[in-house]
Amino acid sequence: MNVIKKPFGQYEGHGVDSYTLQNDSGMEVMFITYGGAITNMLAPDRKGKFENVVLGFDTLEQYVEHEHYYGALIGRVAGRIGGAGYSSHGKRVELTANENGNHLHGGDKGFNRVIWTVGNVAVEKDEVSVYLSYLSPDGEEGYRGNIKVDVTYTLTNANEFTIAYRAVPDHDTPINMTSHSYFNLSGDYKEDILSHTLQMNADEILDLAGDLVPTGKLIPVEGTPFDFHDGKTILAGMQSGLEEGYDHAFVLNKKDRGISLWDEKSGRAISVETDQQSVVLYTGNHLTDDVLTGGVRGRSHLGLCLETQGFPDAVNHPHFPSVTVKKGDVYSASTTFRFHVINSDENQH
């Protein structure tokens, strides 16, 4: 187990570093302190070949210049907040409107556009962890109160990568964080993700308005393109009624919130375990032709996100599970991505 720290660039007069977590079998996870963005993730295929399985850039300037939230930490609140605001204690809280009059992923300068502080690095026999922190000040992007945010990245010798979130506010405020990595299990972007197979235990999705903000209704997935109970390829789902792709919040079943994603050709697979109530599946519908790691050009459906989180726009739907954290209370969330390999004839479900 090891952690390697290197300088990655300068942002607004501050140094940005990269940290690479390595386990004994060769798996690596690299992130930068700008946005806590995961830039590379090396995982083996069925032949034992390690390749990068997330979309990212080679330079800090690209992360600063481009959008799409490549690999970044998202907060205070992931997803869209309709009308860029909500009511709290009878008063309207106005947030930054950064997408079609709505508030998306924390605003213009969400957690994805700040420098995180690395406070500790722990190297143990079978796991390595890096601890990041950020103090989000009162009024940032319109939110009330200060919050101390801590995120821990942990890689184990079992090829498990865990992201653990913790935050304590000094004023009632919504907190709903996630990670925005785009996965592509083909390795080094050799193919798009349309042939990836997804299985998840979700009986319902959140109904969306035309601007992708939840309406407040829940829709059963049975008999729809959103039914992934038995596993199917992304392309099969799109061909059954979603030509553009997915950008939807799935309500995970309480008893078993498991999610599995695999690429039949390479044999790479991820099992996702989370304590969160939903996952947003985004299939990279609007990715542009940015120059990605290794000089590869981006394009639609080159990666997909599995953004585990509370319900989007919960602040405007009282019947949704609340994402508001009371003053002095602790927000916590955790998601683990377990990488493994399947044989060509192996059935994941």
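Our subject is the structure listed above.
Residues numbered from 1 in each chain as written. Predicted model: local features only at pLDDT ≥ 70, side-chain atom pairs only at ≥ 80, totals over all residues. Heavy atoms only, no water.

Colleague: Now, about the sheet that holds strand β27 (residues 331-341): what can you tell me, with residues and values included?
Modeller: Pairing is antiparallel in the open sheet, where nine strands are placed in the order β11-β12-β13-β14-β27-β23-β22-β17-β20. Looking at the sheet topology across the chains shown, the edges are occupied by β11 (117-123) and β20 (232-233). Judged from the four bridges that link them, strand β22 (residues 259-262) and strand β23 (residues 268-274) form a sheet pairing that is antiparallel. Looking across to β23, one finds that I259 is bridged to V272. (Pairing = 2+ DSSP bridges. Helix = DSSP H or I, 4+ residues; strand = E, 2+ residues; numbered from the N terminus.)

Colleague: Lay out the layout of surface pockets with the relevant residues and their values.
Modeller: A volume near 830 Å³ is recorded for the largest pocket. Taken together, 39 residues line the largest pocket, and the ones lying closest to its centre are Y69, R80, E99, L104 and H105. Of all the secondary-structure elements, those providing two or more residues to the lining of the largest pocket are β21 (247-252) and β24 (278-282). For the lining of the largest pocket, the element with the most residues is β21, which contributes three residues. A per-class count over the lining of the largest pocket returns 18 nonpolar, 13 polar and eight charged. When its volume is computed, the second largest pocket comes out at roughly 250 Å³. (1 Å grid on protein atoms, 1.4 Å probe; cavity = no way out; pocket = protein on both sides within 12 Å on 5 of 7 lines; lining within 4 Å. Points joined across faces, edges and corners; volume = space filled by probe spheres on them. Nonpolar A, V, L, I, M, F, W, Y, C, P; charged D, E, K, R; others polar.)

Colleague: Could you give me a rundown of the nonpolar core, with the residues and numbers involved?
Modeller: Judged by nonpolar contacts, the single largest core of 61 residues is most densely connected at M41, W116, Y153 and F250. Per-element tally for this core: the top contributor is strand β13 (residues 147-156), with five residues. If we skip the residues at most four places from it in the chain, F250 touches M200, A202, E204, I205, F226, F228, Q277, S278, V279 and L281. Counting residues in hydrophobic clusters, the runner-up holds 20 residues, among them A72, Y189, L292 and C305. (Core = buried A, V, L, I, M, F, W, Y, C linked by side-chain atoms within 4.5 Å. Buried < 20%, exposed > 50% of the residue type's maximum accessible area, 1.4 Å probe, protein only. Contact = heavy atoms within 4.5 Å.)

Colleague: Give me the lowdown on the side chain of Q309, citing residues and values where you can.
Modeller: With respect to the helices and strands, the residue Q309 is situated in strand β25 (residues 305-309). Residue Q309 is classed as buried on the basis of its relative accessible area of 0%. A polar contact is formed between the side chain of Q309 and the backbone oxygen of E307, at a distance of 3.0 Å. Residue contacts for Q309: discarding those within four places in its chain leaves A78, G79, N176, M177, T178, Q276, Q277, S278 and V280. (Polar contact = N/O pair within 3.5 Å; in protein donor to acceptor, adjacent residues only side chain to side chain.)

Colleague: Tell me about the sheet that holds strand β3 (residues 28-32), residues and numbers included.
Modeller: One key point about sheets: their strands pair by backbone hydrogen bonds, in either a parallel or an antiparallel sense. Reading across the sheet, the five strands line up as β1-β2-β3-β4-β5 and stay open at both edges, with antiparallel pairing between neighbours. The open sheet has two edge strands, β1 (2-11) and β5 (50-52), and neither has a second partner. Geometrically, the sheet is characterised by an average inter-axis angle of 15 degrees between neighbouring strands, direction not taken into account. Sheet topology places β3 next to strand β4 (residues 38-44); four bridges connect them, and they run antiparallel. Along β4, the bridge assignment pairs V29 with M41. (Axes fitted to C-alpha atoms, helices over the stretch in contact; angles between N-to-C directions.)

Colleague: For unusual backbone geometry, give the residues involved together with the corresponding values.
Modeller: With omega at 0 degrees, the peptide bond leading from G75 into R76 counts as cis. For R76, the position within the fold is in the loop between β6 (73-74) and β7 (80-81). Even without glycine at this site, D313 takes up a positive phi of about 60 degrees. With respect to the secondary-structure elements, D313 resides in the loop between β25 and β26 (324-325). Residue class for D313 comes out buried when judged on its relative accessible area of 4%.

Colleague: Help me get a handle on a negative patch on the surface, residues and values and all.
Modeller: Taken together, the side chains of D24, E124, D126 and E127 define an acidic patch exposed on the protein surface. Within the secondary structure layout, D24 lies in the loop between β2 (14-22) and β3. A relative accessible area of 54% places D24 in the exposed class. (Patch = residues over 30% accessible without salt bridge, like charges linked within 9 Å, V, L, I, M, F, W, Y side chains within 5 Å. Areas by Shrake-Rupley, 256 points an atom, 1.4 Å probe, with all protein chains shown as cover. Salt bridge = Lys/Arg side-chain N within 4 Å of Asp/Glu carboxyl O. Lys, Arg positive; Asp, Glu negative; His and termini not counted. Charge placed at Lys NZ, Arg CZ, Asp CG, Glu CD.)

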